[in-house]
Amino acid sequence: MSFVKITEKAIIFDIQRSSLYDGPGIRTTVFLKGCPLNCLWCHNPEATDGNRQLSFHIEKCTFCGKCEDVCVNRVHQLTDGIHAIDFSQCLLCGKCVNACPSSALKIVGKWMTVDEVMQEVLADYDFYLNSGGGITISGGEPLWNLPFTLELLKRCKLVGVNTCVETSGFVSSLRFIEMLPYIDVLLFDYKMTGSAEYLKYTGVSNEVILNNLEIAHSQEVSIILRCPVIPGINDTDQHFEGILAIDRKFPNLKGIELLPYHRMGNSKRLGIGIEETLVSLETVPVELSIKWIERLNELGCSKVKLGVG
Ligand code: SF4
Ligand code: SF4
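Since this is a predicted model, take the numbers as computed values, not measurements.

Analysis parameters
- Residues numbered from 1 in each chain as written.
- Chains lettered and ligands numbered in written order.
- Predicted model: local features only at pLDDT ≥ 70, side-chain atom pairs only at ≥ 80, totals over all residues.
- Heavy atoms only, no water.
- Helix = DSSP H or I, 4+ residues; strand = E, 2+ residues; numbered from the N terminus.
- Buried < 20%, exposed > 50% of the residue type's maximum accessible area, 1.4 Å probe, protein only.
- Contact = heavy atoms within 4.5 Å.
- Areas by Shrake-Rupley, 256 points an atom, 1.4 Å probe, with all protein chains shown as cover.
- Near = heavy atom within 4 Å.
- Nonpolar A, V, L, I, M, F, W, Y, C, P; charged D, E, K, R; others polar.
- Domains from an automatic or database assignment.
- Buried area = accessible area lost by both parts, 1.4 Å probe.
- Salt bridge = Lys/Arg side-chain N within 4 Å of Asp/Glu carboxyl O.
- Polar contact = N/O pair within 3.5 Å; in protein donor to acceptor, adjacent residues only side chain to side chain.
- Axes fitted to C-alpha atoms, helices over the stretch in contact; angles between N-to-C directions.
- Parallel < 35°, antiparallel > 145°, perpendicular 65-115°, else oblique.
- Left-handed = near helix turned anticlockwise from the far one by under 90°.
- Pairing = 2+ DSSP bridges.

1. Examining the overall build of the protein
Turning to step 1, where the next piece is worked out: Of the regular secondary structure elements, the protein holds 11 helices and 13 strands.
Turning to step 2, where the next piece is worked out: Projected onto its principal axes, the C-alpha coordinates of the protein cover approximately 60 × 60 × 35 Å.
Turning to step 3, where the next piece is worked out: Put simply, the protein has 309 residues, and 49% of those count as buried.
Turning to step 4, where the next piece is worked out: Nonlocal contacts in the protein, meaning residues at least 24 apart in sequence, comprise 69% of its contacts between residues at least 6 apart.
Turning to step 5, where the next piece is worked out: Accessible surface, the protein: about 15100 Å² in total, of which carbon and sulfur atoms supply 54%.

Encoded structure:
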């Protein structure tokens with residue numbers, strides 16, 4: 001009788017090596033596809049859908065028409081200088097991607113096993129040792145794919161790689177607790193203050209999220225709170241006081257990072273066939289971000305610094 005080793009798989013949409021902003025030291029950040037939230041300002045909209053997707057980069061397109069020629073499903077239609085794409089008809093065969101001479105088309109997301117991801121992560125092992133870095137598992141929502149993320153975390157701990165998980169916290173508490181022993185640093189999002197506001201802007205309410213933050217804190221996990229700040233939505237004293245209240249309630253927070261809004265997500269949205277959001281909102285200038293930090297300092301929140309999200 002032979003036994004087949006079952007290896008967990010996930011759809012990974014990116015692996016970024018030498019990352020300096022996703023936790024301590026030099027890190028490799030692994031981005032999983034699939035997220036239960038739908039934040040209006042999401043800067044990784046290609047991570048929301050849990051499936052592989054066609055993406056189009058109009059700035060690279062020379063309108064040569066080769067994609068239209070090879071696609072039997074008539075997904076691409078070029079007329080009068082317009083390249084229309086019916087994403088709903090795409091079967092992800094990849095023919096147009098291969099035919100495009102300008103790399104304007106891509107399939108976002110690739111099935112990978114834990115072994116395959118580990119191979120990439122371990123390539124920078126020496127950098128982790130020298131810098132105090134390691135792996136960061138992000139997404140999407142990495143805790144949404146529990147078997148894969150848990151296995152990846154366990155494998156990292158086995159070989160001494162520092163582990164960091166970036167999460168919205170929106171996952172069942174039972175699943176969350178299972179992960180905690182294998183997480184060195186938790187990058188925990190705090191997006192809005194108030195349950196109704198959370199629901200309105202992210203698509204989910206915050207009870208489970210706050211409960212999980214409480215659990216992680218009580219188990220003495222090292223937590224960095226990450227707070228996206230979006231002008232006109234949550235750049236208010238009410239929200240800043242909410243951040244302060246979290247800081248006071250959980251005194252062992254290792255830090256609080258403000259993540260000012262940037263527009264990058266919108267061009268990615270169009271490229272995967274979904275509508276833009278916050279159309280008239282510009283990327284936040286540094287001066288404004290500094291004012292927010294000063295305001296939080298005035299209110300009494302001293303742990304806060306500028307992050308990169
Ligand atoms: S991936 Fe295949 S089905 Fe999808 S647009 Fe390209 S050629 Fe058509
Ligand atoms: S093959 Fe590439 S460059 Fe040519 S029209 Fe299609 S997307 Fe544009």
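2. Some words on the site of ligand 1
Turning to step 1, where the next piece is worked out: Around ligand 1 sit L54, C71, N73, V75, H76, C90, L91, L92, C93, G94, K95 and C96, and those are all the residues in its vicinity.
Turning to step 2, where the next piece is worked out: Looking at the shell around ligand 1, its residues break down into eight nonpolar, three polar and one charged.

3. Topic: the domain arrangement of the protein
By a widely used convention, the size of an interface equals the accessible area lost when the partners come together.
Turning to step 1, where the next piece is worked out: Domain boundaries assigned for the protein yield domain 1 (9-50 + 111-306) and domain 2 (53-108).
Turning to step 2, where the next piece is worked out: Of the residues lining the interface, eight residues belong to domain 1; the matching set on domain 2 comes to six residues.
Turning to step 3, where the next piece is worked out: When the buried surface of domain 1 facing domain 2 is broken down by residue, K33, G271 and I272 rank first, second and third, together holding 63% of it.
Turning to step 4, where the next piece is worked out: For the pair domain 1 and domain 2, the number of links is zero salt bridges.
Turning to step 5, where the next piece is worked out: One can count two residue pairs in polar contact (both at pLDDT 80 or more) joining domain 1 with domain 2.
Turning to step 6, where the next piece is worked out: Partitioned by chemical class, the residues of the side of domain 1 that touches domain 2 number three nonpolar, two polar and three charged.

4. Things to note about the site of ligand 2
Turning to step 1, where the next piece is worked out: Of all residues adjacent to ligand 2, which total 15 residues, the nearest are C61, C64, G65, C67 and C100.
Turning to step 2, where the next piece is worked out: Residues that form the shell around ligand 2 fall into these classes: 10 nonpolar, four polar and one charged.

5. Digging into the packing of helix α3 (residues 114-122) against helix α5 (residues 146-158)
Turning to step 1, where the next piece is worked out: Running from N to C, α3 and α5 point in directions that differ by 45°, and their axes come no closer than 10 Å. By the angle between their axes, α3 is oblique relative to α5. Crossing of α3 over α5 shows right-handed handedness. Taking contact as the criterion, the partners of V114, D115, V117 and M118 in α3 are, on α5, F148, E151, L152, R155 and C156.

6. Quick look at unusual backbone geometry
Turning to step 1, where the next piece is worked out: Cis rather than trans, the peptide bond between G139 and G140 has omega equal to 20°.
Turning to step 2, where the next piece is worked out: Phi angles above zero are rare outside glycine, and S18 is one such case at about 55°.
Turning to step 3, where the next piece is worked out: One can find S18 in strand β1 (residues 9-19).
Turning to step 4, where the next piece is worked out: Even without a glycine there, the phi angle at E220 is positive, about 60°.

7. Quick word on the pairing of strand β5 (residues 82-85)
Turning to step 1, where the next piece is worked out: Side chains of β5 alternate between two faces, with H83 and I85 buried and I82 and A84 left unburied.
Turning to step 2, where the next piece is worked out: Pairing analysis gives four bridges linking strand β4 (residues 76-79) to β5, with the strands arranged antiparallel. Counterpart to T79 in the pairing with β5 is I82.

8. Some words on the sheet that holds strand β7 (residues 110-113)
Whether parallel or antiparallel, the strands of a sheet pair through hydrogen bonds between backbone atoms.
Turning to step 1, where the next piece is worked out: Strands sit in the order β7-β1-β2-β8-β9-β10-β11-β12-β13 across an open sheet of nine strands; the sheet is mixed. This sheet does not close on itself; its edge strands, each paired only once, are β7 and β13 (304-306). Within this sheet the neighbouring strands show an average axis-to-axis angle of 30°, counted without direction.
Turning to step 2, where the next piece is worked out: In the sheet, strand β9 (residues 162-167) pairs with strand β10 (residues 185-189) via four bridges, with the strands oriented parallel. Bridging across to β10, V165 finds its partner in L186.

9. What about the pattern of salt bridges?
Turning to step 1, where the next piece is worked out: Under the defined criterion, the tally for this structure stands at 14 salt bridges.
Turning to step 2, where the next piece is worked out: Close ionic contact of K191 with D189 constitutes a salt bridge, the shortest N to O distance being 3.1 Å.
Turning to step 3, where the next piece is worked out: What makes D189 buried here is its relative accessible area of 11%.
Turning to step 4, where the next piece is worked out: R226 is the partner of E257 in a salt bridge, and the nearest nitrogen-oxygen pair spans 3.1 Å. Taken together, the residues E257 in strand β12 (residues 255-260) and R226 in strand β11 (residues 222-229) connect sequence positions 31 residues apart. With respect to class, E257 is no different from R226; both count as buried.
Turning to step 5, where the next piece is worked out: Shared partners join several salt bridges into a network, and the residues in it are D22, E166, R226 and E257.

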